[in-house]
Amino acid sequence: MADRLITVKDLKVSFMTASGEIQAVRGVDFHLDRGETLAIVGESGCGKSVTVQTLMRLLQEPPAVIKSGSIRYTNGDIDMDIAARTDKQMRAYRGKEFSMIFQDAMTSLNPTTRVGRQIAEGILRHQDMSAGEAKERAVELLARTGLPAPETVYKRYPHTLSGGQRQRVMIAMALSCNPAVLFADEPTTALDVTIQAQILNLMNDIKRQRNMSIIFITHNLGVVARMADRVAVMYAGQIVEAGSLRDIFYGPRHPYTWGLLGSVPDLRMNLSARLASIPGTPPDLFSPPAGCPFAARCAHCMKVCMEVVPGEYAVSEGHMARCWLLDAECETEVIPPVGRDKTVFKTERKEEVHG
Amino acid sequence: MADGVLLDVQHLKKYFRIGRRQMLHAVDDVSFQIRAGETLGLVGESGCGKTTVGRTLARLYEPDGGRILFHGQDIGAWSRRDIKKNNLSSKIQMIFQDPYASLNPYFTIGEIIAEGLELHHIGENRAERNEMVCELLERVGLHREHANRFPHEFSGGQRQRVGIARALALNPEFIICDEATSALDVSVQAQVLNMLIDLKESMGLTYLVVAHDLSLVRYISDRVAVMYLGQLVEAGSVGEVYGRPMHPYTIGLLDAVPIADPDYEADHVSAPIQGDIGSPVNPGPGCRFAGRCPYADEECRQKTPELAEMGEDHQVACFHPVR
Ligand SMILES: Nc1ncnc2c1ncn2[C@@H]1O[C@H](COP(=O)(O)OP(=O)(O)OP(=O)(O)O)[C@@H](O)[C@H]1O
Ligand SMILES: Nc1ncnc2c1ncn2[C@@H]1O[C@H](COP(=O)(O)OP(=O)(O)OP(=O)(O)O)[C@@H](O)[C@H]1O
Ligand code: SF4
Ligand code: SF4
Ligand SMILES: [Mg+2]
Ligand SMILES: [Mg+2]
């Protein structure tokens, strides 16, 4: 039996700005089990960061507002709805239950405090340890991230470290209190491939050793293939397809997922092959379209797509996509241009479309 | 000079003085050629000197040594006056990573593109220049109506197209793209890459594409050069370098690239190169990769390996190339 840690239902998050409401997250459902890595992929601005920051309640509220939905978190004695907690109540859980690694380590490290001390302070806040023990543990964590001479790194200030070194310090800090869930928001995007490979290996080792769960945000589909157990594909504030790693890479069902997989250069693609670029740009979240958010760019767009948001269709156990092409009544037959499974597929609607 | 070579870079050096006795060897004896109509990709870790190579070729930096032969003339030795007289800044254009920072927010897109035309006295009058601007916008997949809009009204991909239109306005022969698509959306990046490829074919352009995304460089380039700490370690046709990498660094770099294929990743055990890239400040003798190289020996630590021909259009600088 899977040990479910997080269950998100119908989460909607908006930003109330002077020029209007930006509907950043528009009704997402997903879950996270213990010991698994869920990757969230999608265009820039589709709501990936806002989603995970809401899970830790890190967004400034206002301007951010949780418009609806629940985020149930269960772990041992804890059973709570994060969406109903206050920032103050959440503080007790940050670091210990969840922690976060950001793309830019500089923004989350304190520039005026030696990095080792920052890690040790985090440990002391949540764990019953002496200052000496906390320091020892901080040095040990720094060593585990592959930083050479961890004792000297302990004494350095953030600006004296390179980007890759700072990122490793932040990973040490995020892991220092043994969190049950690690949120990693583009943790390696700013790094070189060789350093990236070291850090991905480290995260996978720690995940296995401690049965930690990870939500990993990235644009890089190669990183997804290396890290994820399951994948959620986001587009314009919605999850348009979700499934196991193999479902998404080998049997994708949503036209946006096809476009995404086809538009990223791959080291092994034929040298004369041409990338399939998706024409157009993502919709404006000030006034999201009435129907399918991908309609304006979709080569298979039908009349219904422009009028009604498609519901979730179950493709197989654990694999769902939101596209009218999957409807049993849809007469258009499209063979997926990417993936291994080249059959047309129709299904019963999993849930009725609201409104 | 070999046939059709547009740019012949010989022993190029660019050092930065940092502090009193410290010299940062950003580009240290780099040689390569680019044939007209060809795309050369330049890859390597952060800080290895890729941008510095690009900026020096565009004469935004003064070279500290070597020659830059463009159409056979050593533009590296040109004075500011020569550069101006020969209109070099219109022949060699650079497109940068951040499409927003490089566009003046107070000017319309039309004004931004027309500015270069005016500066280089292209077009008879305003009306003619406006028509040229509209044609350029269409050429990069935008609309003529966009000429009256401001940069902030455009998405990242559209702004990058504006940047490209501005570069094309001056009829360049050689374009240096420095991480030109790395700030873009995944799907929009593909649009811009395809557009660059099409423009190259329709306008006979030559590119130097600087990026650290190895898959992207493989997609867009004909030939590729791999840099490490200010020096070239391997170069050649894309098929050769990606298909039969011989330098231990290139092999490690390619091995570290995650592949978007779950089955491949499940079977592939990656043993990443350990350690950081090292410092380009006052480098000593020997191979600069020796500190991270599994095959390093005494010879490697004492002598500097030179690029040597290893096959059909394939050069490697290593005492113990892997075959
Ligand atoms: N503080 C804010 N105020 C107003 N709008 C915001 C704010 N933060 C995010 N948004 C908007 O919410 C939407 C979702 O943003 P989010 O940061 O989640 O995107 P993302 O998927 O993480 O993109 P990226 O890949 O570029 O990081 C975007 O349209 C963004 O402009
Ligand atoms: N103006 C400058 N003054 C001093 N040092 C510089 C200057 N410009 C670059 N450098 C140094 O020269 C080296 C090469 O820098 P460069 O920007 O060319 O690297 P790069 O390969 O483009 O890296 P990245 O992939 O991070 O863009 C680096 O060590 C850098 O710190
Ligand atoms: S619902 Fe319609 S527009 Fe949306 S992805 Fe499916 S076919 Fe395309
Ligand atoms: S010259 Fe020696 S140290 Fe340098 S890459 Fe080759 S084997 Fe390694
Ligand atoms: Mg983000
Ligand atoms: Mg650079």
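Refer to the structure presented above.
Our subject in this report is the structure included herewith.

So, how was this worked out
- Residues numbered from 1 in each chain as written.
- Chains lettered and ligands numbered in written order.
- Predicted model: local features only at pLDDT ≥ 70, side-chain atom pairs only at ≥ 80, totals over all residues.
- Heavy atoms only, no water.
- Near = heavy atom within 4 Å.
- Polar contact = N/O pair within 3.5 Å; in protein donor to acceptor, adjacent residues only side chain to side chain.
- Areas by Shrake-Rupley, 256 points an atom, 1.4 Å probe, with all protein chains shown as cover.
- Helix = DSSP H or I, 4+ residues; strand = E, 2+ residues; numbered from the N terminus.
- Nonpolar A, V, L, I, M, F, W, Y, C, P; charged D, E, K, R; others polar.
- Salt bridge = Lys/Arg side-chain N within 4 Å of Asp/Glu carboxyl O.
- Buried < 20%, exposed > 50% of the residue type's maximum accessible area, 1.4 Å probe, protein only.
- Pairing = 2+ DSSP bridges.
- Axes fitted to C-alpha atoms, helices over the stretch in contact; angles between N-to-C directions.
- Contact = heavy atoms within 4.5 Å.

**Some points on the site of ligand 2**
Residue and element names in this part refer to chain B. In the vicinity of ligand 2 there are 14 residues, among which Ser46, Gly47, Lys50, Thr51 and Thr52 approach most closely. At 2.5 Å from an oxygen atom of ligand 2 is found a side-chain nitrogen or oxygen belonging to threonine 52. Coverage of ligand 2 by the protein chains reaches 65% of its 640 Å² of free accessible surface. The element that contributes the greatest number of residues to the shell around ligand 2 is helix 1 (residues 50-57), accounting for three residues. In terms of residue class, the shell around ligand 2 is made up of six nonpolar, six polar and two charged.

**Overview of the pattern of salt bridges**
Taken as a whole, this structure holds 30 salt bridges over all chains when the rule is applied. In this structure, the salt-bridge partner of glutamate 307 of chain A is lysine 303 of chain A, at a minimum N-O distance of 3.4 Å. Of the two residues, glutamate 307 of chain A and lysine 303 of chain A are both situated in helix 12 (residues 303-307); the distance of four residues between them amounts to about one turn of the helix. Glutamate 62 of chain B is the partner of arginine 80 of chain B in a salt bridge, and the nearest nitrogen-oxygen pair spans 3.9 Å. Here the residue arginine 80 of chain B occupies a position in helix 2 (residues 80-85), and glutamate 62 of chain B occupies one in the loop between helix 1 and strand 4 (65-70), the gap between them amounting to 18 residues. Judged by its relative accessible area of 51%, arginine 80 of chain B is exposed. A single network of salt bridges, built from pairs that share partners, joins Arg35, Glu38, Arg223 and Asp313 of chain B.

**Thoughts on the sheet that holds strand 4 (residues 64-75) of chain A**
Residue and element names in this part refer to chain A. Strand order in the open sheet formed by four strands is 2-1-4-5, with antiparallel pairing between adjacent strands. A strand with exactly one partner marks an edge of an open sheet, and here the two such strands are strand 2 (20-33) and strand 5 (78-81). Neighbouring strand axes in the sheet, compared pairwise and without regard to direction, differ in orientation by 10 degrees on average. Note that strand 1 (residues 4-17) and strand 4 share eight bridges and pair antiparallel. Opposite lysine 12, over in strand 4, you have serine 68 as the bridge partner. Docked against the sheet, helix 1 (residues 48-56) engages strand 1, strand 2 and strand 4, running at close to 115 degrees with respect to strand 1.

**Observations concerning unusual backbone geometry**
Residue and element names in this part refer to chain A. For the bond running from glutamate 61 to proline 62, omega is -10 degrees, close enough to zero to count as cis. Positionally, proline 62 belongs in the loop between helix 1 and strand 4. Note that the residue after proline 62, namely proline 63, is joined by a cis bond; omega there is 10 degrees. Within the secondary structure, proline 63 is located in the loop between helix 1 and strand 4. Not every positive phi belongs to a glycine, and glutamate 186 is a case in point at roughly 50 degrees. By the element assignment, glutamate 186 lies in the loop between strand 7 (181-185) and helix 8 (193-210). Residue class for glutamate 186 comes out buried when judged on its relative accessible area of 7%. Phi angles above zero are rare outside glycine, and asparagine 211 is one such case at about 55 degrees. Along the chain, asparagine 211 turns up in the loop between helix 8 and strand 8 (213-217).

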